[in-house]
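Coordinates in review
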Amino acid sequence: MISSGKLLGIDIGSGACKMTLIDFGGKVIATGTKEYPTYYPQSGWAEQDPEDWYGALCDVLTDWSIRGSDIQGIAAICISAPTHTAVLLDKDFIPLRKAILWTDKRSIEQSEKLASQYGDMIFGLSYNRVDPVWTLPQLTWVKENEPEVWEKVVRIMFAKDYVRWRLTGTYVTDWIDAMGSMLFDAADLTWSESLCSLVPLDMNKLPPVMSPTDVVGRVTRQAAYETGLTEGTPVIVGTTDTALEVFGAGAVRPGQTTVKLATAGRICVISDRAYPHPHLLNYRHVVRGCWYPGTGTKSCASSYRWFRDVFCQQEQNVAEYSGLSEYQLIDAGAAKVPIGCEGLFFHPYLLGELSPYGDPHLKASFTGVTMRHSREHFARAVLEGVAFSLLDCVSVFEELSVSFGDIRIIGGGAKSLLWSQIVCDVLGMPASKPEIDDSSFGGAMLAGIGVGVFDDATQAVSTCVRLARHITPSMENHEKYKRYFKIYKEVHDNLASTYRELSRILSEEDK
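Keep in mind that what you see is a predicted model, and the values were worked out from it rather than measured. (Residues numbered from 1 in each chain as written. Predicted model: local features only at pLDDT ≥ 70, side-chain atom pairs only at ≥ 80, totals over all residues. Heavy atoms only, no water.)

Describing the packing of aromatic side chains
Under the defined criterion, the tally for this structure stands at 24 aromatic pairs. Seen from their ring centres, phenylalanine 93 and tryptophan 165 are 4.8 Å apart, and the 10° between their planes marks the pair as stacked. With phenylalanine 93 in the loop between β6 (86–89) and β7 (99–100) and tryptophan 165 in helix α5 (residues 159–168), the pair connects residues that are 72 residues apart, well separated along the chain. Taken as a pair, phenylalanine 93 and tryptophan 165 share a single burial class, namely buried. Seen in terms of ring centroids, tryptophan 306 and phenylalanine 366 are 6.5 Å apart; in terms of plane orientation they differ by 25°. Their pairing is stacked. Taken as a pair, tryptophan 306 in helix α10 (residues 301–311) and phenylalanine 366 in strand β19 (residues 365–367) lie far apart in primary sequence, 60 residues in all. Exposure remark for phenylalanine 366: the relative accessible area of 23% places this residue in the partly exposed category. The lysine or arginine in question, arginine 106, covers the ring of tryptophan 45, its NZ or CZ lying 3.8 Å from the ring centre. Above the plane of the ring of tryptophan 141 lies arginine 106, whose end atom (NZ or CZ) is 4.7 Å from the centre. (Phe/Tyr/Trp six-rings, centres within 6.5 Å; stacked < 30°, edge-to-face > 60°. Helix = DSSP H or I, 4+ residues; strand = E, 2+ residues; numbered from the N terminus. Buried < 20%, exposed > 50% of the residue type's maximum accessible area, 1.4 Å probe, protein only. Lys NZ or Arg CZ within 6 Å of the ring centre and 35° of its normal.)

Quick word on the packing of helix α15 (residues 439–450) against helix α16 (residues 457–464)
The axes of two packed helices give the description: the angle between them and the distance between them. In the contact formed by α15 and α16, the axes pass within 10 Å of each other and the chain directions differ by 130°. The angle between α15 and α16 falls in the class oblique. Of the two elements, α15 crosses α16, and the hand of that crossing is right-handed. Of the residues in α16, those touching α15 at Phe441, Met445 and Ile449 are Ala457, Ala460, Val461 and Cys464. Residues that form the contact of α15 with α16 fall into these classes: seven nonpolar, no polar and no charged. (Axes fitted to C-alpha atoms, helices over the stretch in contact; angles between N-to-C directions. Parallel < 35°, antiparallel > 145°, perpendicular 65-115°, else oblique. Left-handed = near helix turned anticlockwise from the far one by under 90°. Contact = heavy atoms within 4.5 Å. Nonpolar A, V, L, I, M, F, W, Y, C, P; charged D, E, K, R; others polar.)

A word on the pairing of strand β1 (residues 6–12)
Among the seven residues that make up β1, seven are buried, leaving the element largely enclosed by the rest of the structure. Sheet analysis places β1 next to strand β5 (residues 74–81), joined by six bridges and oriented parallel. Across the sheet, isoleucine 10 pairs through a bridge with isoleucine 79, a residue of β5. Bridging between β1 and strand β2 (residues 16–23) involves seven bridges; their strand directions are antiparallel. Residue aspartate 11 lies in a different strand from β2, and its bridge partner there is lysine 18. Turn length for the β1-β2 hairpin, with the two strands adjacent in sequence and antiparallel, is three residues. (Pairing = 2+ DSSP bridges.)

Quick look at unusual backbone geometry
For the bond running from valine 199 to proline 200, omega is -5°, close enough to zero to count as cis. Each neighbour pair has its own omega, and for serine 355 with proline 356 the value is -5°, a cis peptide bond. Backbone geometry places phenylalanine 93, a non-glycine residue, at a positive phi of 65°. Phi is positive for glutamate 342, which is not a glycine, with a value near 50°. By relative accessible area, which is 32% here, glutamate 342 ends up partly exposed.

Overview of the nonpolar core
Grouped together as the largest cluster of nonpolar side chains are 74 residues, with contacts concentrated most on Leu7, Leu183, Leu201, Phe247 and Met445. Element by element, the count of residues in this core is highest for α15, at six residues. What phenylalanine 247 contacts, discounting residues up to four positions off in sequence, is Val252, Val286, Gly442, Met445, Leu446, Ile449, Ala457, Ala460 and Val461. With 52 residues, the next largest nonpolar core counts Cys312, Ala379, Leu383 and Trp419 among its residues. (Core = buried A, V, L, I, M, F, W, Y, C linked by side-chain atoms within 4.5 Å.)

A look at the side chain of serine 299
Mapped onto the elements, serine 299 comes out in the loop between β17 (265–269) and α10. Given a relative accessible area of 1%, serine 299 falls into the buried group. Those residues within four positions of serine 299 in sequence are excluded, and the remaining contacts are Thr263, Pro348, Leu350, Leu351 and Val386.

Side note on the pattern of salt bridges
The final tally for this structure, using the stated rule, is 32 salt bridges. Notably, a salt bridge pairs glutamate 47 with arginine 97, separated by 3.1 Å at the nearest N-O pair. Of this pair, glutamate 47 sits in strand β4 (residues 47–48) while arginine 97 is found in the loop between β6 and β7, placing the two residues 50 residues apart along the sequence. Comparing glutamate 47 with arginine 97 shows no difference in burial state: the two are buried. A salt bridge links arginine 164 to aspartate 161; its shortest N-O distance comes to 2.9 Å. With arginine 164 and aspartate 161 both in helix α5 and three residues apart, this pair spans about one turn of that helix. One exposure class covers both arginine 164 and aspartate 161, and it is buried. Look at the salt bridges and you will find they share partners, linking Glu47, Arg97, Asp104, Arg106 and Glu146 into a network. (Salt bridge = Lys/Arg side-chain N within 4 Å of Asp/Glu carboxyl O.)

Some words on the packing of helix α13 (residues 375–399) against helix α14 (residues 417–427)
It is at 9 Å that the axes of α13 and α14 come closest, and there the two elements cross at 40°. Taken together, α13 and α14 sit at an angle that is classed as oblique. You can see that α13 and α14 cross each other, and the crossing is right-handed. Along its contact with α13, which presents Arg380, Leu383, Glu384, Val386, Ala387, Phe388, Leu390, Leu391 and Val394, the element α14 presents Leu418, Trp419, Ile422, Val423, Val426 and Leu427. Residues belonging to the contact of α13 with α14 are distributed by class as follows: 13 nonpolar, no polar and two charged.

Here it is in structure tokens:
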């Protein structure tokens, strides 16, 4: 076992590169963030440039060096990123196009065709339902719409694997990220010839699959020059951001649960087996033999960010000189509004919805608006609407008789005392907020397992994870929210067919 040193976790997030450097006791030495753009070339599309990911990594490390943070003596590095994000490469490992993100909806037509013709087979092998978030329909779209790109594809990587290749020159992935492609046999842990044939895709273009904790390479001389890292530093395979958020929050035993308020919202329950269900996302855990089946609310903190950007310029202006963030200012106004927002509802379907509907045609909406409602009402309605969406997701676990507890509430939205309390009140369940829950923190912990700093996940959690606060729900508020939730459900049920027809009209106009 290595006796002393540092561990570095790097997360290539949905909007920024985030890094956490810790010592072997789990103490944070340094953190850093660098944003990069998301491109929206058409309505419903979302892409990022892989070069921006690596450039952001280099910028954060350079900034650390300028600020005096010592990035020498790192024992191991782990990289994570959202799953479903494929990087298409030519023979020289040069990206052929921007990477399509999981929020992209361009492959709705391909998804619906795959579901109608091969849905049962795909679900049986991948344990997941076809949706535009998955790589399989995205690749099918590229093949059908960009044949000049498709013909040049020699290798396919995923986001964290591309960045790790830039550091080490190694071409592999892990079994969790592989599951996110919908090209992988979830039971046998191998690329599926049957699933790849649906594109069709030559399986030789896909990377070898390894364990997330395997040491797969070392920082090259070129990467050391570009980043300031020490040449030869070990780098493990790494895995997806959600897997490491769950791990970094300390959820490693069956029954433990994470409720995530991030770009997307997730409820993930640790289990000793998969729970294949059309409205659950099934992934293996970094702990062998465990899974974290979870629900997916597509627009969670992104709903609040959208509200901030569109409606809250005043708070953004005040934040510049007040010492408070714009979210703290928005929260302060929302906190003055009574529970239920006096009949105002928000449905957070800005990008369609995953659980419990699997419907990419859904649209976000404010309903119940009256002259009485102020901007503060709308702000609180967004917070409550996402919480109602999470409660809507609980029905999937109830259907499967999956019990859960020891809830850890995580993600950027969990920093809000108001939003955390609203979520616990709506769910009617207590929760704990870890001091740190970023996937880069979980990545640093996983890097420690990879090089023997920690014997296993349990030791890593007991050494590194600390809880910041506990949240107790108000059962009086919970009973009130139950009445409003009934209306929330009825609004969805009444508008779903309307939004599908609207999607059809918009699709025709785009052609």
